[in-house]
Amino acid sequence: MEQYAVRGGNPLVGEVEIGGAKNAALAILAAAVMTDEPVIIDNVPDLSDTKAMIQATESIGCQVEQLGRHTVKITAKTVNSLVVEDDSSKKIRGSYYFLGALLGRYKRAEVALPGGCNIGLRPIDQHIKGFRALGADVRIEHGLIITEAEQLKGNHIYLDVVTVGATINVMMAAVMAEGQTIIENAAKEPHVVDVANFLNSMGANIKGAGTDVIRIKGVHKLHGTEYTIIPDQIEAGTFMFAAAVTKGDITVKNVIPKHLESISAKLMEIGCEVEESDDAVRVVAAKPLTHTHVKTLPYPGFPTDMQPQITVALGLSTGTSIVTESIFENRFKYVDELTRMGANIKVEGNTAIIDGVSKYTGASISAPDLRAGAALVTAALAAEGISIIDDIKFIERGYEDFPHKLQMLGAQIEKVSTERELQKFRLKTG
Ligand code: EPU
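Going along each chain's sequence as written, the residues are numbered from 1 onward. Residue-level local features of this predicted model are given only where pLDDT is at least 70; pairs of side-chain atoms are given and counted only at 80 or more, and the full residue set underlies all totals for whole chains, interfaces and linings. Processing note: side-chain calculations cover all non-hydrogen atoms of the structure and skip hydrogens and water entirely.

**Student:** Which parts of the structure should I look at to understand the sheet that holds strand β19 (residues 320-324)?
**Tutor:** Pairing between the strands of a sheet comes from backbone hydrogen bonds, and it takes one of two forms, parallel or antiparallel. At least two bridges found by DSSP between two strands is the condition for calling them paired. Under the DSSP-based scheme used, a helix requires at least four consecutive residues in state H or I and a strand at least two consecutive residues in state E, with every element numbered from the N terminus. Spatially, the four strands line up as an open sheet ordered β18-β19-β21-β20, and their pairing is mixed. Across the chains shown, the open sheet's two edge strands, defined by having one partner strand only, are β18 (293-295) and β20 (344-348). Shown here is a sheet whose adjacent strand axes are inclined to one another by a mean of 15°, direction ignored. Contacts are assigned to residue pairs with any non-hydrogen atoms lying within 4.5 Å of each other. A fitted line through C-alpha atoms represents every axis, and for helices the fit uses only the stretch in contact; the resulting angles, taken between N-to-C directions, go from 0 to 180 degrees. Along the sheet face, helix α10 (residues 307-314) touches β18, β19, β20 and β21 (351-355) and points at about 170° away from the line of β19.

As structure tokens, this is what we get:
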């Protein structure tokens, strides 16, 4: 079994290049099936989740050519099935984007109920409501969501909760519907805007993405395109918080600082210096961290995908902090692991009350999901002694070359798969 071995204590210092946004890439890879013409997508992060999406496009007959590690060419002219149920796509959440993409283009889709991180209930009622409003029939049979329509017709759709997934899915389904669709209470996350820009580059007519009202005028057809995915806000934020918890000095490069504003603001509040330039942000943690309160919210609020990372930092700050999770109801499972490292955190419902401690100590821990896993790695990097982190497959869903990027910043971290390798790591770093 693969694990990360970490010897903590080194401040992380240096520069790190941020890759393409995972959650934009998952939707854009699905949207590539909406034209017969070739689509070239650049800055696709090389992750197990994006690989699963690419395999799913192949499983329905698309031709996929990997033009480089981060560049993929997809030609959907040869699609021969509208059923997405291969094993890898069942494990990821992003596979549900085939519903909107295939329904929009072929007026039919059958997709296995999505997997993804176990962070709460994660219903898809708003996706279904949106498809139905466009005139599609939706039913769930034998583990598949089946949606079909004779014809899709634009409509006025009010989403009951702000949801990234439903906003993107309904937007994709509406792109080739007859007439105008208006999505109200839409999610405003940077990746919603990126998917809209991608679809517009294929000939769609989408306006207002990035605000809470998105207007889509149906077009008959989409065409091929060449498109570069935006940088990953959460990968960047994770390294920014890694600087804070290890008392380091990290410059995250190839980012859009505007997308990181809520993260930068919290880092400054807890005592870090944050310097922004055109496409980089530097975080310096020269002073002891101080407590604060934070509540996760849809963009431009503080992202739920950064909640474990800020909790790890607040666990090492002076005073008492309160973290409120308002998006997913079960996203504090990692707190038990952090407690094993010495944190003093009490969870009540969707709130964590954190009494800062002066240090964490290394322990054997498991990554319960993607973001919590990455946050626990940052805790291990700050901790005294060695930590062993299990279930790293979750972390590899969303962080490309994570140990390598951390090593380049001075971290003592290695992927090990045998007791012998672990012993070697102990000796080398001891
Ligand atoms: N919701 C509903 N009904 C729906 C859809 C969502 O009630 O039909 C609720 C959810 O239960 C949740 C809230 O609305 O309480 C927001 O859900 P959203 O649809 O925004 O989340 P998602 O599409 O399931 C995506 C990302 C998550 C990220 C969230 C929030 C992908 C594949 N996943 O999930 O990413 O946390 O948006 O920004 O894009 C991650 O990358 O680690 C990750 C979990």
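**Student:** Got a minute to help me understand the nonpolar core in this structure?
**Tutor:** Ranked by size, the top nonpolar core spans 75 residues in total, and within it M34, I41, F98, V175 and L199 carry the most contacts. Element by element, the count of residues in this core is highest for helix α1 (residues 22-31), at eight residues. One finds I310, V312, V357 and Y399 within the second-largest nonpolar core, a separate group that totals 72 residues. In these notes, a set of buried Ala, Val, Leu, Ile, Met, Phe, Trp, Tyr and Cys residues joined through side-chain atoms within 4.5 Å is what counts as a nonpolar core. When a residue's accessible area, from a 1.4 Å probe over protein chains only, is under 20% of the maximum for its type it is buried; when over 50% it is exposed; and in between it is partly exposed.

**Student:** Help me out: how do you make sense of the packing of helix α8 (residues 233-245) against helix α12 (residues 370-382) in this one?
**Tutor:** The description of two helices packed together rests on the angle between their axes and the distance between the axes. Interhelical geometry of α8 versus α12 gives an angle of 25° and a closest axis separation of 9 Å. As the angle between them shows, α8 and α12 are arranged roughly parallel. By crossing handedness, the relation of α8 to α12 is classed as right-handed. Along its contact with α8, which presents I234, T238, A242 and V245, the element α12 presents R371, A374, T378 and A382. Our angle categories are set so that under 35 degrees counts as roughly parallel, over 145 as roughly antiparallel, 65 to 115 as roughly perpendicular, and the remainder as oblique. Helix crossings fall into two classes, left-handed where the near helix is turned counterclockwise from the far one by less than a right angle and right-handed where it is turned clockwise.

**Student:** Please clarify how the layout of surface pockets should be interpreted in this entry.
**Tutor:** To locate leftover empty space, one rolls a probe as large as a water molecule over the atoms. Taken as a whole, the largest pocket encloses approximately 1100 Å³ of empty space. We place a 1 Å grid over just the protein atoms. Points where a 1.4 Å probe fits but has no way out form a cavity, open points with protein on both sides within 12 Å along at least 5 of 7 lines form a pocket, and any residue with an atom within 4 Å of a point lines it. As for the largest pocket, its lining consists of 48 residues, of which R122, V164, G165, I327 and F328 are closest to the centre. Mapped by element, the contributors of at least two residues to the lining of the largest pocket are α1, α5 (125-133), α6 (164-174), α7 (190-201), α8 and α12. Three classes are used: nonpolar for Ala, Val, Leu, Ile, Met, Phe, Trp, Tyr, Cys and Pro, charged for Asp, Glu, Lys and Arg, and polar for all others, with Gly counted as polar. Considered class by class, the residues forming the lining of the largest pocket number 23 nonpolar, 13 polar and 12 charged. Where each domain begins and ends is defined by an automated method or by a domain database. The two domains that each donate at least three residues to the lining of the largest pocket are domain 1 (3-18 + 231-429) and domain 2 (22-228). Grid points are joined across faces, edges and corners, and a volume is the space filled by probe spheres set on the points. Size it by volume and the second largest pocket reaches roughly 340 Å³. Residue lining of the second largest pocket: 21 residues in total, with V245, K247, L316, S358 and A382 positioned closest to the centre.

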